[in-house]
Amino acid sequence: MVMGDQSGRRHQPALRIQEPDLGERRPLLPRRTTTTGTQNGNQHHSLDGQVYTCYDYHSQLPVYTNIHRIRRDIISVVEDYLSLDQLRDIRINISVVRPLVDKFYEQDDISIVYCLLVNRAQFLNEQSHLNNRQNVNYTRAMLCELIATRILRRCSEDNEGPEGLLVLAHILIAGFEPFQNAPPEIRQEVHAPTAWHKTLPALEVAILSEAKIFLSSTSCQKIVDAIYEGRVIYSPSSFLDLIPDRYKQKPISLYDPRDAPLLNQYRLVVPRTRNILEIIQFVILLALYLVFMSERDAGRITKLEICFTVYAFGWVLDQFATILEHGWDVYTENLWSFLDVTFASIYWIYLIMRVYGWQSHNEELGQQALDVLAMGAPVLVPRLAFNLLSDNILFLSLRSMMADFSLLTVLAGWCFFGFLLSLVWLGNHQFSWVTISKWMIYIWFGLDGSGIHHSTDFHKYLGPALMVMFAFLGNTLFLTILVSMLSNTFSTIVSNAFAEIQFRHAVLTLEGVKGDAIFAYQPPFNILAVFILIPLKWFVTPRWFHKIHVASVRLLNLPLLLVIALVERRILPPITSTAGGEPPAGGPSVNSSNSSSSSYPRRTKGKGARFWNKWRITVHSDIETVFEVPPPDSVLEQIAGDDDLTKHLIRRQFVRKDTVETATKTPAKDTNTDKKKPPSRRDSIAPFPGLRTELQGVLSESDEMSAITARLEALEKSTRRIEFMLAKLTGGLDDNKDDTAIECTESPIDEDDDREEGAVSQATTM
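Residues numbered from 1 in each chain as written. Predicted model: local features only at pLDDT ≥ 70, side-chain atom pairs only at ≥ 80, totals over all residues. Heavy atoms only, no water.

Visitor: Explain the overall build of the protein chain here, please?
Guide: If you tally the helices and strands in the protein chain, you get 34 helices and four strands. Within the protein chain, the fraction of its 766 residues that count as buried is 41%. Within the protein chain, contacts between residues separated by at least 24 positions form 77% of all contacts whose residues are at least 6 apart in sequence. Taken as a whole, the protein chain presents about 42100 Å² of accessible surface, with 61% of it coming from carbon and sulfur. (Helix = DSSP H or I, 4+ residues; strand = E, 2+ residues; numbered from the N terminus. Buried < 20%, exposed > 50% of the residue type's maximum accessible area, 1.4 Å probe, protein only. Contact = heavy atoms within 4.5 Å. Areas by Shrake-Rupley, 256 points an atom, 1.4 Å probe, with all protein chains shown as cover.)

Visitor: What exactly am I supposed to notice about the packing of aromatic side chains here?
Guide: What characterises a pair of aromatic rings is the spacing of the ring centres plus the angle enclosed by the ring planes. Per the counting criterion, the structure on display carries 21 aromatic pairs. Between Phe-313 and Trp-348, the aromatic rings sit 5.7 Å apart at their centres with planes inclined by 75 degrees, giving edge-to-face as the arrangement. In this pair, Phe-313 sits in helix α13 (residues 303-326) while Trp-348 sits in helix α15 (residues 337-359), placing the two residues 35 residues apart along the sequence. Judged by centre distance (5.1 Å) and plane angle (65 degrees), the ring pair of Phe-431 and Trp-439 falls under edge-to-face. As far as burial versus exposure is concerned, Phe-431 and Trp-439 are alike and both buried. Following the ring pairs from residue to residue traces out a cluster consisting of Phe-282, Tyr-289, Phe-292, Phe-308, Trp-315 and Phe-343. Lys-212 extends its terminal NZ or CZ atom over the ring of Phe-503, reaching a point 5.3 Å from the ring centre. Across from the ring centre of Phe-519, 4.7 Å away, lies the NZ or CZ of Lys-514, which sits over that ring. (Phe/Tyr/Trp six-rings, centres within 6.5 Å; stacked < 30°, edge-to-face > 60°. Lys NZ or Arg CZ within 6 Å of the ring centre and 35° of its normal.)

Visitor: I'm lost on the confidence of the model for the protein chain in this one. Help?
Guide: Atomic detail in the predicted coordinates should be set aside for any region of low pLDDT. Predicted confidence across the protein chain gives a mean pLDDT of 74, with 70% of residues reaching 70 or more. Within the model, pLDDT remains below 50 along residues 577-609, and this stretch shows 52 contacts once partners closer than five positions in the same chain are excluded. Of the regions scoring below 50 in pLDDT, residues 740-766 engages in 14 contacts with residues more than four places distant in sequence or in other chains. (pLDDT = per-residue confidence, 0-100.)

Visitor: Honestly, the nonpolar core in this entry has me stumped. Any pointers?
Guide: If you look at the biggest cluster of nonpolar residues, it comprises 62 residues, and the most contacted ones within it are Leu-117, Ile-147, Ile-151, Ile-173, Phe-214, Leu-215 and Val-232. For Ile-151, the contacting residues outside a window of four places in its chain are Val-101, Phe-104, Tyr-105, Ile-112, Val-113 and Leu-116. Tyr-228, Leu-286, Tyr-311 and Leu-365 belong to the second largest nonpolar core, which has 32 residues in total. (Core = buried A, V, L, I, M, F, W, Y, C linked by side-chain atoms within 4.5 Å.)

Visitor: Got a minute to help me understand the environment of Ile-564 in this structure?
Guide: Within the element layout of this structure, Ile-564 appears in helix α25 (residues 558-571). Overall, the relative accessible area of 10% leaves Ile-564 in the buried class. Contact partners of Ile-564, with chain neighbours within four places excluded, come to Arg-267, Leu-268 and Thr-273.

Visitor: Explain the packing of helix α12 (residues 271-294) against helix α17 (residues 377-388) here, please?
Guide: For any two helices packed against each other, one specifies the crossing angle of their axes together with the interaxial distance. Relative orientation of the contacting elements α12 and α17 amounts to 155 degrees, with a least axis distance of 11 Å. One element, α12, and the other, α17, form an angle in the roughly antiparallel class. As α12 packs across α17, the resulting crossing turns out to be left-handed. For the pair formed by α12 and α17, the contact residues are Ile-279, Phe-282, Val-283, Leu-285, Leu-286 and Tyr-289 on the first element and Ala-377, Leu-380, Val-381, Arg-383, Leu-384, Asn-387 and Leu-388 on the second. (Axes fitted to C-alpha atoms, helices over the stretch in contact; angles between N-to-C directions. Parallel < 35°, antiparallel > 145°, perpendicular 65-115°, else oblique. Left-handed = near helix turned anticlockwise from the far one by under 90°.)

Visitor: What am I meant to see in helix α2 (residues 63-77) here?
Guide: Spacing of three or four residues puts side chains on the same side of an α-helix, whose turn is 3.6 residues. In this model, α2 (15 residues) spans 21 Å end to end at C-alpha, consistent with the 21 Å of a helix rising 1.5 Å per residue. Among the residues making up α2, those that are buried are Val-63, Tyr-64, Asn-66, Ile-67, Ile-70, Asp-73 and Ile-74. Those residues of α2 that are buried lie in contact with α4 (90-105), α5 (112-128), α6 (136-158) and α8 (184-190). (Expected span 1.5 Å × (residues − 1).)

Visitor: Honestly, the layout of surface pockets in this entry has me stumped. Any pointers?
Guide: Gaps left between atoms show up when a probe the size of a water molecule is rolled over them. For the second largest pocket, the calculated volume is near 1300 Å³. Every residue lining the second largest pocket is counted, 35 residues in all, and those nearest its centre are Tyr-138, Glu-210, Lys-212, Thr-492 and Asn-496. Elements supplying a minimum of two residues to the lining of the second largest pocket: α3 (84-87), α5, α6, α10 (212-215), α18 (393-426), α21 (462-495) and α22 (497-512). Grouping the amino acids of the lining of the second largest pocket by side-chain chemistry returns eleven nonpolar, twelve polar and twelve charged. (1 Å grid on protein atoms, 1.4 Å probe; cavity = no way out; pocket = protein on both sides within 12 Å on 5 of 7 lines; lining within 4 Å. Points joined across faces, edges and corners; volume = space filled by probe spheres on them. Nonpolar A, V, L, I, M, F, W, Y, C, P; charged D, E, K, R; others polar.)

Visitor: I'm lost on unusual backbone geometry in this one. Help?
Guide: Negative phi is the rule for most residues except glycine; trans is the rule for most peptide bonds. The amide bond that connects Pro-523 to the next residue, Pro-524, takes the cis arrangement and shows omega of 5 degrees. Residue placement: Pro-524 occurs in the loop between α22 and α23 (525-536). A positive phi angle, near 55 degrees, is found at Glu-210, a position not held by glycine. With respect to the helices and strands, the residue Glu-210 is situated in the loop between α9 (202-208) and α10. Accessibility expressed as a relative area gives 37% for Glu-210, which makes it partly exposed. The backbone of His-361 sits at a positive phi, close to 55 degrees, despite the residue not being glycine. One can find His-361 in the loop between α15 and α16 (363-374). Residue classification places His-361 among the exposed positions, given a relative accessible area of 73%.

Put into structure tokens, the structure is as follows:
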């Protein structure tokens, strides 16, 4: 709430998070309150108390009501199909997007972004059942994504510093479920359970609905990067845990390695650390595979084969646990998931055949098992390139192009199966199915014309006709369609390369946050963890199970945990400089000086730091240095002075003060009842003073509007002449005052118009 004081200056809002009482329902982010530390129009925010991520704390939010409120508003507003560019148009922004953003943002509910993304997923689901892809449901889904992006950006602008980063983390990774706070009869009707592991964060819903605009936004990527680097930690909800250890739940909090224990087993499941460990594990798997296959022996089982089989079993078990962690839909969004699934299938076939052949002493079956395992080379070798070059546009497009190629190949095989049947029946089983299929494949790819040469053996006239028709359809039509589809897919991905890269980065980050205890054990030790800890859980209490698990992880990963602790203390910045502001020692509130300097970045040692940048051995170092050091208060006072520059329209959007001119035109109001809204946002130009008439002029600059304006002016002049003639006929005017009468009939109208325009502009400014 924004209040006015006696001097006419309005305090900026501050956002506070307080723990709600159990007896009442209120949002996690209550209404804005005033603070007394505002200076020069800069706003600061504070967090009172700790913020937790448990489901009971967020259970007070009306998620079910918000979902249906948003759906009603979106359906009532959008009735026709609009493209993304049309939704971003300035007129749609002023009339549709901006009012909805203001309405939902004023609720101060962190579940609003989750509810918007849930509605987007539902609109896309309804669109998939319709034949017309350009329907109104697509527009509604895109509008939900745009509103969610704008709301998240506002939260990022209104909440700075480490506390602001924590607020954004709550919005994106706090878990909710769609039937939260629904009426009891609704929950009973749909049999909706209330369980913590059934909740989903907004980030996961965005990935499931492929909200790439939302995920590629700066505010969202700020949290994704913080989670990926381990600066924001939390305990995620999982679909199913192989080794469940939920004795201690990590709240959504900021991590400082200098205050953490030296052996912290939770750092093994940080996405960045997890990604590096997965690359190392895969390199070991690939090395064992290459060495074993180069010296394979079907007659006996060597030690090298045992090492590969056991390690590969642990690696496949880790992939299976990943699928259970977040579900199949999120797992398949990973760039190299189809390669992992393919190799896992090949490995299981090899293992079953190899074990059965070893027990039955069947050497031929063992050789077939090794032959099946040899088919994994085309999968394992390129998979390493997918890991190392995951941001390359070629690998990003290759996954989608492979999907299109597989789909068209299946459709082509289905269609050409009719040609195969016709040729088999025409030949009266003279040639086998395999031989005819080989000839057709050669014709399809233009490799050999043996099928056309033997076409007369099927039938004198119908055989050549079928072969020539198949050559036209297969080699010309279908290959042309295939090339066109792949070119279109590649061009689409290239045009949205940044959004695609950020989307894959978000998927990798979400998958990297693990809640299952099995991920703390590296292959092949995860096999021992499954066969030992799972039965042990039935005989010990949760507290002792947690102690045994922690001791085992620290013992098995002792060197690795020491390296992680030393590296993170070196590269991770302290919490006070994470988001650009330092809270004072007396409490979490940020004073005005710190708030004003929060927009000035501080130098951090990134992964791209070099020797000459560190020691400033460059002529361009002052360009960055001038923004690193916050200016003193004397300079800030000069900047905030009421000079000609601060009277600019864009400046007046953010700093609005009651000037002398406004005070003379506007009657005085009671300060107790004058509750104005916060300053206008920068995502709309509608509230800019003086731009209303300019915007109307821009929107009306067309040939039709100019012609209509000219006709109205001519009609107005004719009406004035008629009024003058009627007044002259009735004797109301003298002959010698004709010119004066004409001027008198025109001037009052012009003065009235000017007076009305002045009143409209004054009301707009208010």
